[in-house]
Amino acid sequence: MPQRRSQVKNGKNHTLKQKKAIDAAGFEVADWLVYKAESHRLHIVHRISGRTAIILP
């Protein structure tokens, strides 16, 4: 049975601009999804672990 995480973030695939920002911040682009995009911040969530991070694009 799969484990359920509390407060699951529904990540979306990233745009090219977001992809460049994630890569520039030192994260592996293939492992992260965007769950909230603001003009001054990018909220990302790890595909497997569910760990979240906030980066400045």
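Refer to the preceding data block for the structure.
Residues numbered from 1 in each chain as written. Predicted model: local features only at pLDDT ≥ 70, side-chain atom pairs only at ≥ 80, totals over all residues. Heavy atoms only, no water.

Asker: Break down the side chain of Q18 for me, citing the residues and quoting the values.
Answerer: Tracing the sequence through the fold places Q18 in helix α1 (residues 16-24). In this structure Q18 comes out as buried when scored by relative accessible area, which is 16%. A distance of 3.0 Å separates the side chain of Q18 from the backbone nitrogen of T15, its partner in a polar contact. Every residue in contact with Q18, bar those within four places of it in the chain, is listed here: N13, V34, A37 and L42. (Helix = DSSP H or I, 4+ residues; strand = E, 2+ residues; numbered from the N terminus. Buried < 20%, exposed > 50% of the residue type's maximum accessible area, 1.4 Å probe, protein only. Polar contact = N/O pair within 3.5 Å; in protein donor to acceptor, adjacent residues only side chain to side chain. Contact = heavy atoms within 4.5 Å.)

Asker: Hey, could you go over the sheet that holds strand β1 (residues 32-37) for me, with residue numbers and the actual values?
Answerer: Either a parallel or an antiparallel arrangement is found when strands of a sheet pair, and the pairing is made through backbone hydrogen bonds. One open sheet holds the 3 strands; their spatial order is β1-β2-β3, and the pairing between them is antiparallel. Both edges of this open sheet fall to β1 and β3 (52-55), since each of them pairs with a single strand only. Neighbour-to-neighbour, the strand axes of the sheet open up by a mean angle of 30°, direction not taken into account. Where β1 lies against strand β2 (residues 42-46), 5 bridges are found, and the strand directions are antiparallel. Directly across from L33, in β2, lies its bridge partner V45. (Pairing = 2+ DSSP bridges. Axes fitted to C-alpha atoms, helices over the stretch in contact; angles between N-to-C directions.)

Asker: How would you summarise the environment of A37 if you had to cite specific residues and measurements?
Answerer: Mapped onto the elements, A37 comes out in strand β1. Put simply, A37 and H14 are 23 residues apart on the chain and 9.5 Å apart in space, counted from C-alpha to C-alpha. Setting aside residues up to four positions removed in sequence, A37 forms contacts with Q18 and L42.

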